[in-house]
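Each chain, written out:
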Amino acid sequence: MLFPTYYDVRSSLLMNRAAFEKLPADLQNLLVETVREVEEWGAKVFREEAERERDRLRKQGVEPVTLPDAEARQFLKIAPETLWEQIVKDSPRHGPRLREVFTRAAQLG
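Residues numbered from 1 in each chain as written. Predicted model: local features only at pLDDT ≥ 70, side-chain atom pairs only at ≥ 80, totals over all residues. Heavy atoms only, no water.

Chemist: I'd love a proper account of the side chain of Glu-39, names of residues and values included.
Modeler: With respect to the helices and strands, Glu-39 occurs in helix H2 (residues 25-59). Not counting residues within four places of it along the chain, the set of residues in contact with Glu-39 comprises Arg-10 and Ser-11. (Helix = DSSP H or I, 4+ residues; strand = E, 2+ residues; numbered from the N terminus. Contact = heavy atoms within 4.5 Å.)

Here it is as structure tokens:
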């Protein structure tokens, strides 16, 4: 078991902008707020399940390895880039655009 953990399971909603903009403002706001709530709920559920899994693994004798701070920071910087490189390699047509959309969404919070 390696710490810090480096990938999170995230929920996403991708929607055509023109279709979204056709919705009345109250439905746009409801959709955005609901997606935020689902993201928070999903993150909590996955964190809880990850902790249960870590407990099960410890009981089976798996020992955690925690990287020193400097190495952990470097690893956390490299891990997402490596994942995106693989996604683009697997899907050269859609990977770059997918990365752009997800990066923009992450910046919006």
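Moving on from the model shown.
Chemist: Describe the environment of Ser-91, and please don't skip the residues or the numbers.
Modeler: Structurally, Ser-91 is set in the loop between helix H3 (69-90) and helix H4 (95-108). Expressed as a C-alpha distance, the spacing of Ser-91 and Phe-3, which sit 88 residues apart in the sequence, is 29 Å.

Chemist: Explain the pattern of salt bridges to me, and be specific about the residues and the numbers.
Modeler: Under the definition given, this model contains ten salt bridges. Of the charged contacts in the structure, one is a salt bridge between Arg-56 and Glu-53, with a shortest N-O distance of 2.5 Å. With Arg-56 and Glu-53 both in helix H2 and three residues apart, the pair spans about one turn of that helix. Residues participating in the shared-partner salt-bridge network are Glu-49, Arg-52, Glu-53 and Arg-56. (Salt bridge = Lys/Arg side-chain N within 4 Å of Asp/Glu carboxyl O.)

Chemist: An account of the environment of Ala-72 is requested, with residue identities and associated values reported.
Modeler: Mapped onto the elements, Ala-72 comes out in helix H3. With a relative accessible area of 9%, Ala-72 lands in the buried category. As for Ala-72 and Gly-42, which are separated by 30 residues in sequence, their C-alpha atoms are 25 Å apart. Among all residues touching Ala-72, those that are not within four sequence positions of it are Pro-4 and Leu-67. (Buried < 20%, exposed > 50% of the residue type's maximum accessible area, 1.4 Å probe, protein only.)

Chemist: An account of the packing of aromatic side chains is requested, with residue identities and associated values reported.
Modeler: Under the criterion given, the structure shown has two aromatic pairs. Taking the centre distance of 4.8 Å and the plane angle of 85° together, the rings of Tyr-6 and Phe-75 count as edge-to-face. Taken together, the residues span a long stretch of sequence, with Tyr-6 in the loop between strand S1 (2-3) and helix H1 (17-22) and Phe-75 in helix H3 at a distance of 69 residues. Taken together, a centroid distance of 6.2 Å and an interplanar angle of 55° make the contact between Trp-84 and Phe-102 tilted. Pair noted here: Trp-84 is in helix H3 and Phe-102 is in helix H4, with a separation of 18 residues, a long-range link. You can call Trp-84 buried: its relative accessible area is 16%. (Phe/Tyr/Trp six-rings, centres within 6.5 Å; stacked < 30°, edge-to-face > 60°.)

Chemist: Please set out the packing of H3 against H4 residue by residue, giving values where relevant.
Modeler: Each packed pair of helices is defined by two parameters, the angle between the axes and the distance between the axes. Orientation of H3 relative to H4, taken along the N-to-C sense of each, is 140°, at an axis distance of 8 Å. Judged by the twist between their axes, the crossing of H3 over H4 is right-handed. Residues Glu-81, Trp-84, Ile-87 and Val-88 of H3 form the contact with H4, whose participating residues are Gly-95, Pro-96, Leu-98, Arg-99 and Phe-102. Here the residues of the contact of H3 with H4 are counted per class, giving six nonpolar, one polar and two charged. (Axes fitted to C-alpha atoms, helices over the stretch in contact; angles between N-to-C directions. Left-handed = near helix turned anticlockwise from the far one by under 90°. Nonpolar A, V, L, I, M, F, W, Y, C, P; charged D, E, K, R; others polar.)

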